[in-house]
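Each chain is listed here by its residues.
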Amino acid sequence: MSLPQFEVVQPATLGEALRILSEVKDAAPIAGGTNLIVDMRAGTHRPRMVVDVAALRDLHGIEVTDTEVIIGAATTIAEMLESPILAKHATVLVKACSSFANALIRNRATVGGNLVTAAPCSDTAPALLTLDAEVKLASVRGMRRVPLEKFLVNAFSTIRRSDELLVSVRFRIPSATATGAFRKMGLRKVSCMAKVDVAVMLDGDSAGRCTSARIAIAAASPVAVRARAAEAALVGKALTPEAIAAAAALAARAAAPRARSEYKLRVVEALARRLLAEAALALTRGGSSA
Amino acid sequence: MPRKKTVLRVNGRQHELALDPNVSLLQALRDLGYIDVKNGCEIGECGACAVLLNGTAVNSCMVLAWQANGAEIVTNAGLGTLDKPHPIQEAFADVGAVQCGYCTPGMVISTKALLDRNPDPSEAEIREALSGNLCRCTGYGQIIEAVQLAASRLQAERLAVAAMPTASLTRERVDEGSRSPGRVGEANPGSRRGRT
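For every chain, the first residue of the written sequence is number 1, and numbering continues from 1 along that sequence. For this description, chains carry letters from A and ligands carry numbers from 1, given in the order in which they are written. For this predicted model, a pLDDT threshold of at least 70 governs which residues receive local features, and a threshold of 80 or more governs which side-chain atom pairs are given and counted, while totals over whole chains, interfaces and linings are taken from all residues.

Engineer: Requested: an account of helix α6 (residues 141–162) of chain B, with residues and values cited.
Structural biologist: Count 3.6 residues to each turn of an α-helix, and residues three or four apart come out pointing the same way. Numbered from the N terminus, helices here are DSSP runs of H or I no shorter than four residues, and strands are runs of E no shorter than two. Expected span of a helix: the number of residues minus one, times 1.5 Å. Compared with an ideal rise of 1.5 Å per residue, which puts 22 residues at 32 Å, α6 of chain B spans 32 Å between its outermost C-alpha atoms and is within 8% of the ideal. Residue pairs qualify as contacts under a 7 Å threshold applied to their C-beta atoms, which are placed from the backbone. Looking at the buried side of α6 of chain B, the elements it contacts are α3 (87–95), α4 (104–117) and α5 (123–129) of chain B.

Engineer: How would you explain the pairing of strand β6 (residues 134–139) of chain A if you had to name every residue and give the values?
Structural biologist: Residues and elements named next belong to chain A. Looking at chain direction, β6 and strand β7 (residues 142–147) are connected through six bridges and run antiparallel. Residue pairing for β7: Glu134 is matched across the bridge by Pro147. Any two strands with at least two DSSP-identified bridges between them are counted as paired. Between β6 and β7, which follow one another and run antiparallel, lie two residues. The pairing of β6 with strand β10 (residues 165–172) spans five bridges and is antiparallel.

Engineer: Give a detailed account of the sheet that holds strand β4 (residues 62–64) of chain A, specifying residues and quantitative values.
Structural biologist: Residues and elements named next belong to chain A. Strand order in the open sheet made by the five strands is β4-β5-β10-β6-β7, with antiparallel pairing throughout. In this open sheet, the two strands that pair with only one neighbour each are β4 and β7. Averaged over all pairs of adjacent strands, the angle between their axes in this sheet comes to 20°, without regard to strand direction. Fitted lines through C-alpha atoms serve as axes, helices being fitted only where they are in contact, and the angles separating the N-to-C directions of these axes extend from 0 to 180 degrees.

Engineer: How would you summarise the pairing of strand β5 (residues 68–72) of chain A if you had to cite specific residues and measurements?
Structural biologist: Residue and element names in this part refer to chain A. The pairing of β4 with β5 spans three bridges and is classified as antiparallel. The residue of β5 that forms the bridge with Val64 is Val69. Linkage of β4 to β5, two consecutive antiparallel strands, is achieved through a turn of three residues. By the bridge criterion, five bridges tie β5 to β10 in an arrangement that is antiparallel. Bridging across to β10, Glu68 finds its partner in Arg172.

Engineer: Pulling in residues and values, what's your account of unusual backbone geometry?
Structural biologist: For residues that are not glycine, phi is negative in most cases, and the peptide bond is trans in most cases. Its identity is not glycine, yet Ala118 of chain A carries a phi of approximately 55°, on the positive side. One can find Ala118 of chain A in the loop between α7 (111–117) and α8 (124–130). What makes Ala118 of chain A buried here is the crowd of 21 C-beta atoms within 10 Å. The residue Glu42 of chain B is not glycine, and still its phi comes out positive at about 60°. In this fold, Glu42 of chain B is placed in the loop between α1 (25–31) and β3 (50–53). Judged by the 22 C-beta atoms lying within 10 Å of it, Glu42 of chain B is buried. Three exposure classes are used, all based on how many other C-beta atoms lie within 10 Å of a residue's own C-beta (placed from the backbone): buried at 20 or more, exposed at 12 or fewer, and partly exposed between those limits.

Engineer: Residues and numbers for the environment of Leu93 of chain A, please.
Structural biologist: All names here are of chain A. Relative to the assigned elements, Leu93 resides in helix α5 (residues 91–98). Taking the C-alpha atoms as reference points, Leu93 and Val198, separated by 105 residues in sequence, lie 12 Å from one another. Ignoring anything within four residues of it in the chain, the contact list for Leu93 reads Met80, Leu86, Thr124, Ala127, Leu128 and Leu131.

In structure tokens:
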């Protein structure tokens, strides 16, 4: 089946790409294309122009500074899986990437594409939410940095304006003791969309008290969300089975699945309980990486 | 729409094309006669259209032809022929890891990408590497077995090459250089046929 006709431009610089996006109303950036090509073939997305941003240097690379990890938006999921920086500082994100689609798609799909598409079942979004990530949007009007939680508005909807390009995603390096966990529940082990994703990130002090908790859920609400009430219920408490059970029950309340998928509430609760227990145990063992 | 000048380098052959921007790499390859690249689902689920793009296995249905401009593309047929099969292809045949055969070119490509990076994969790593390739006939048992067999044959081959006296190694390198450009990756296909 062939795709509808469109024009393609290949800007050499970020500035040129932004100028095109500001001038052409109906232009779609393409990097990996694993969403866009499928949508164009299905006829659900018919851009007049496709702007190739895959080769723009500003959109590539995984860097670490003294305080932050910065991932270029056109970084592929496979590149993230192999990154020593992410293996050291963000195992929660690496775990999310390892459950992403399948090996062939991971070689093309990019983190920026996954976030901009804002599918309810995005795997990178919940992991990045537990890292308190920010996205950087660029346009001819300038740059802005937005917390990922604010960037994601609704199913397939973000605050990105049509002239803006997602350039990078960044997060503060988690503390050395913080520990993260991620689990995807789908219909198969691989190559499936998430029915429920849960990601958690816990930190604690030497007395065994929780000093920081982040819990994020995908595919159980229109777009990935943080479970703020569940997080608040953990901070300052000892990570006892009771505290974990209470937080997991609150996490399920942050989810808002469609009526026919009410079962997801129970899945969220169960996954949250297991992941919090896993992370809590890792914390008492002196903490692993996040 | 203005056509896009695109150079596709497939199995060592160069094609200079002017293509509509909406032509997928899959379509371009099949139109050029590389029909070992199979058209399955066209949504990146089945892996029948997998090719190596600069050494990385991708679904060619999810790449627009112009995105592959200048890249080195290898299809299943570029790895070996009926007369001179690649050890991976030979292993699939020997184990009987084919039934209708539609998924096989993609399976072979994903296997090649895996073994290039990881010459001695575990079963779990093999299953992960083939996670984007669906077989609807026969299941995956024999396919996994074929990958294991190919891995052990390729390893034995590399060891044999490494164990060669320097003089013959030099000769082998000359042989290597004279191979047809479509054959990639093997340590030493010339001497393989002499061994079991």
